[in-house]
Amino acid sequence: GPSEGMARKAQKALDASLKALSGAPVKDSTPWKKGAPKKCTDDCARELATSQGTPGVAVMELKGSDTRIVFDLSFWLDGERVGSRKGETPPEALEPSLKAALEQLLPGWMRKGFGAMSVQVEGGSVVKVDGRVVATRNGELVAVPAGVHQVDVVFPDGNAVLQRLEVPEAGRVPLEVESPTALTARASTGPTALRYASYGLFMAGAGSIAAGLIAGALSRGTGI
């Protein structure tokens, strides 16, 4: 397989690609060392990904030679494989080849300038972000530009909740709202009908969510 020097070069190329694409802080690759398994199965890669202590992990397996490098790049989020891409490249095109593969794997909300809302609302509700309807299902992450947004949730009964939501770059913020019908029924004073009501907002800590990405390199007989 590739030499030790080429393995280190590949690690640096992947580090640079992650830093260029991701809005989350990026940790440099685990230092290269001998003794890695000659082949890393899904169980091996999952163990490697979960051992890093960060939500997002890029794992790279190297084969081929110093003149023609074959790589298998996978991206893991919260211990689950998001996807993988394979490629073959000469050493001089290593970094652009890895960057192109990573662009297809990195979730949109982890890109520079973006974050995500994790939607949890009543079935049949319509979610609008800054006046535009977004198609989503409960539990899905909706990529939006990082910053402050006006989020309007219109429930099947016609009631609606409007709230201000701040999304950090490469962060995930829960959007959890319920119809204001129950709130107006419990109110002892004030109007009996609400068009817009504010609901409690829980913001995920950016420090733990927008955590770093780790790049790894595994080769025949070499790796992390």
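Model, not experiment: these values are computed from the prediction. (Residues numbered from 1 in each chain as written. Predicted model: local features only at pLDDT ≥ 70, side-chain atom pairs only at ≥ 80, totals over all residues. Heavy atoms only, no water.)

### Observations regarding helix H1 (residues 4-21)
- Taking 1.5 Å as the rise per residue, H1 with 18 residues should run 26 Å; its terminal C-alpha atoms sit 26 Å apart, in good agreement.
- For H1, the full list of buried residues reads Met 6, Ala 7, Ala 10, Gln 11, Ala 13, Leu 14, Asp 15, Ser 17, Leu 18 and Leu 21. (Helix = DSSP H or I, 4+ residues; strand = E, 2+ residues; numbered from the N terminus. Expected span 1.5 Å × (residues − 1). Buried < 20%, exposed > 50% of the residue type's maximum accessible area, 1.4 Å probe, protein only.)

### As for the sheet that holds strand S10 (residues 160-167)
- The four strands are arranged S7-S6-S9-S10 in an open sheet whose pairing can be described as antiparallel. Because the sheet does not close on itself, it has two edges, and the strands there are strand S7 (132-134) and S10. The average undirected angle you get between the axes of adjacent strands in this sheet is 35 degrees.
- Here strand S6 (residues 126-129) runs beside S7; their pairing, made up of three bridges, is antiparallel. Bridged to Val 127 within S7 is Val 134. (Pairing = 2+ DSSP bridges. Axes fitted to C-alpha atoms, helices over the stretch in contact; angles between N-to-C directions.)

### Quick word on the nonpolar core
- Of all hydrophobic cores here, the largest spans 25 residues; its most connected members are Leu 14, Met 60, Leu 62, Phe 71, Leu 73 and Leu 98.
- Among the secondary structure elements, those contributing two or more residues to this core are H1, strand S2 (56-64), strand S3 (69-77) and helix H3 (94-105).
- Considering each element in turn, this core owes the most residues, seven residues, to H1.
- One finds Val 142, Val 151, Val 153 and Val 173 within the second-largest nonpolar core, a separate group that totals 16 residues. (Core = buried A, V, L, I, M, F, W, Y, C linked by side-chain atoms within 4.5 Å.)

### Considerations on the sheet that holds strand S11 (residues 172-176)
- Ordered by their spatial adjacency, three strands build an open sheet running S8-S5-S11, and the pairing between neighbours is mixed. The two strands at the open ends of the sheet, each matched to only one other strand, are strand S8 (141-145) and S11. Looking at each pair of strands side by side, their axes are set apart by 35 degrees on average, direction ignored.
- Where strand S5 (residues 114-120) lies against S11, five bridges are found, and the strand directions are parallel. Note that in S11 the partner of Gln 120 across the bridge is Glu 176.

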